[in-house]
Each structure stands twice: as C-alpha cells, then as structure tokens.
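# Breakdown of the fold
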Amino acid sequence: MYVIHVKQLMEAIKSLGIEVLEESKPTILDVTATVSYLFRWPTDWTHGKPLPIPFPSKECQHVIIIIVDALGVNMLNYAVSQGMEVFSKAQYEMTLCTVYPSKTPVVVASLATGLLPEKHGVRTKEAVIKHQTLLDICRKYGIKTATAARVTSSVTALLSEKADVKAVCLDDREICLKAKNIIKKEQPGLFIIHFLDIDNAGHKNSPFSQQVLEAIKRIDDYVNDILNMADEMFDNYITFILADHGMHSKPEGGGGHGTLLKEDMLVPLKIYIKTN
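The sections below set out a description of the structure shown in this document. (Residues numbered from 1 in each chain as written. Predicted model: local features only at pLDDT ≥ 70, side-chain atom pairs only at ≥ 80, totals over all residues. Heavy atoms only, no water.)

In terms of helices and strands, the protein carries 11 helices and 9 strands. Relative to the 2.2 N^0.38 estimate, which gives 19 Å for 276 residues, the radius of gyration of the protein is 18 Å and therefore close to what a compact globule would have. Its C-alpha atoms give the protein principal-axis dimensions of roughly 55 × 45 × 35 Å. Per-residue burial for the protein yields a buried fraction of 54% across its 276 residues. In the protein, the proportion of contacts linking residues at least 24 apart, taken out of those at least 6 apart, comes to 69%. Carbon and sulfur atoms provide 52% of the accessible area of the protein, an area that totals close to 13000 Å². Across the protein, the centroid of the 30 positively charged side chains sits 4 Å from that of the 32 negatively charged ones. (Helix = DSSP H or I, 4+ residues; strand = E, 2+ residues; numbered from the N terminus. Rg over C-alpha atoms; globule rule 2.2 N^0.38 Å. Buried < 20%, exposed > 50% of the residue type's maximum accessible area, 1.4 Å probe, protein only. Contact = heavy atoms within 4.5 Å. Areas by Shrake-Rupley, 256 points an atom, 1.4 Å probe, with all protein chains shown as cover. Lys, Arg positive; Asp, Glu negative; His and termini not counted. Charge placed at Lys NZ, Arg CZ, Asp CG, Glu CD.)

Here it is, written out as structure tokens:
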C-alpha cells in the first residue's frame, strides 16, 4: 500500500491539469440519493446525498428518470445559443459531475446503485450488477417499475430484467410511443427511459454538428410528449432529465467520451415537479 498526504495528492492532481470539484458540487450519484429520499427510504446506502431542491413535503408517488445519452453541458449550452428551448417545462436545473470512466454502462450502474464505479465494478453492458438497485428496492416496497430503451441500450442490458414492465425498442421514436403507453396503462412508480439519438449523431459527426442539434430537437419533443402524458395521468410526480456523460470533439473527426475531460464529465440535470 502506498501513502501520501491528501494536500500533496491534490497538488499532484492539479499539476496534471485536472480540476478537482468541491465535495459540495452535485454528482450523478446525488440523483439516486434524491430518488431514495423522495420515496422516504434511507439514503445512506448510496454514495450520494439528496439534492438541495425544495421538493414537496409529501411522499412522491411517481418518479421518472430520463437519460439523454451524451448531452453534455457544453452541447446543451450550444443548442440554447442557437435559439433552442430545451426541456423548458423543468423548474430547476443544475450541472452534475458524472462518474469516471464516463461511459454509459458505468454511469447507468452508478445511477441504479448509487455507488461509485470502484464499488459496483461494472465496466461494460455485458456485466451483471451485483449490488442492490433502485429497482430492487422498489420491488421490496411494492412499487411498480418500468424501463424503456433500445435493444442496444445499457439500460436494457443492465436493468430491464429487474423491471416489472419493460419496453425494448429499435429507435428513440418507438421509445417515446411505448413510454407514453406504459405511463397510461401501467402507471409505474419508477420509470427509467433512455434516449440514444444524440450519442449516435455525435459519434458520427461531432458534438456541435447540425445532426446533433436536430437530435436534441427530436428528443426535446419526445420528452415533452412523455411529460404531457404524465401530466394527464399523475397528480404527483417528479421527473429527472439528465445525461449519462458528455462528449468531446476528436481531432480526426466525430465525437468521443470516456475521459476525464470537462466536456465528458459535466452533464446537465433538469427537474420537473408536478404536485396537487
């Protein structure tokens, strides 16, 4: 085992050009802790802590988590600078730090378990989550769960078998349609939805390409459709709209992620709350 004083370690990290965020800065693990708090469960099973948002005092009946793959803060800000209004129904927004490696299977496992990657050990979507997840705890408390994602999604691979209701889809449009149907007919207490269009467009083109802007617009429309359906069906629900990771431009063209670059690690969170 090696030993180093924390002050020297921090200086060494800074010398590598790595910005160390304050512990008070929110992380993606805080979303997990917040969901636990909203359902009035203990939160000490996670590595996160509830977000400092004035949530309603009564117990939440429904939580929707919408993962917008690869929409980094810089990409969202660029879309807004181009005149787009994105996820405009949300009353609260903030920037989160995701986990490293900034890759979808790793982040999905952290979001589901509330644990750092070093603890849950998941690195690929072929892995098995060996720790309890939000879906497992929902089952314990009799709360119906659902997932809607593509057949190639890490949400499908890692979480769908734990869900009471699952929609395995071919594209984001189908995800939207099936998600609305699940909300209408099944009314799940916890619903995890995963959109992939932005990630696909960014890898092929670049994070700031016209194709990515078009993908953001499509997903914004899908999210609005889902929230409109939820508004009709639920009197009391909260939606978290967030990215799993961002994306940086590659010198050879296209986009990538998985690094500690700020473009990969900082992601937006928007929160929409409806109560009676």
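So much for the structure itself; the text now carries on.
Now for the packing of helix α8 (residues 172–185) against helix α10 (residues 210–233). Where α8 contacts α10, the axes come no closer than 9 Å and their chain directions differ by 5°. In terms of their interaxial angle, α8 and α10 are classed as roughly parallel. Contacts between α8 and α10 involve D172, R173, C176, A179, K180, I183 and K184 on the former and, on the latter, I219, Y222, D225, I226, M229, A230 and M233. (Axes fitted to C-alpha atoms, helices over the stretch in contact; angles between N-to-C directions. Parallel < 35°, antiparallel > 145°, perpendicular 65-115°, else oblique.)

This brings us to helix α4 (residues 104–113). Burial analysis of α4 places 10 of its 10 residues in the buried class, which makes it a mostly covered element. Regarding α4, the residues found buried are T104, P105, V106, V107, V108, A109, S110, L111, A112 and T113. Taken from the residues just after α4, G114 is the one with a positive phi, measuring 75°.

Our focus in this paragraph is the environment of H245. Topologically, H245 is positioned in the loop between β6 (237–242) and β7 (248–249). By relative accessible area, H245 is classed as buried at 0%. Along the backbone, H245 and C97 are 148 residues apart, and their C-alpha atoms lie at a distance of 8.7 Å. Setting aside residues no more than four positions away along its own chain, H245 makes contact with D69, A70, L71, G72, T98, S102, K103, T104, D199, H257, D264 and V267. In terms of polar contacts, H245 uses its side chain to reach the side chain of T104, at 3.1 Å. A polar atom in the side chain of H245 sits 3.5 Å from the side chain of H257. (Polar contact = N/O pair within 3.5 Å; in protein donor to acceptor, adjacent residues only side chain to side chain.)

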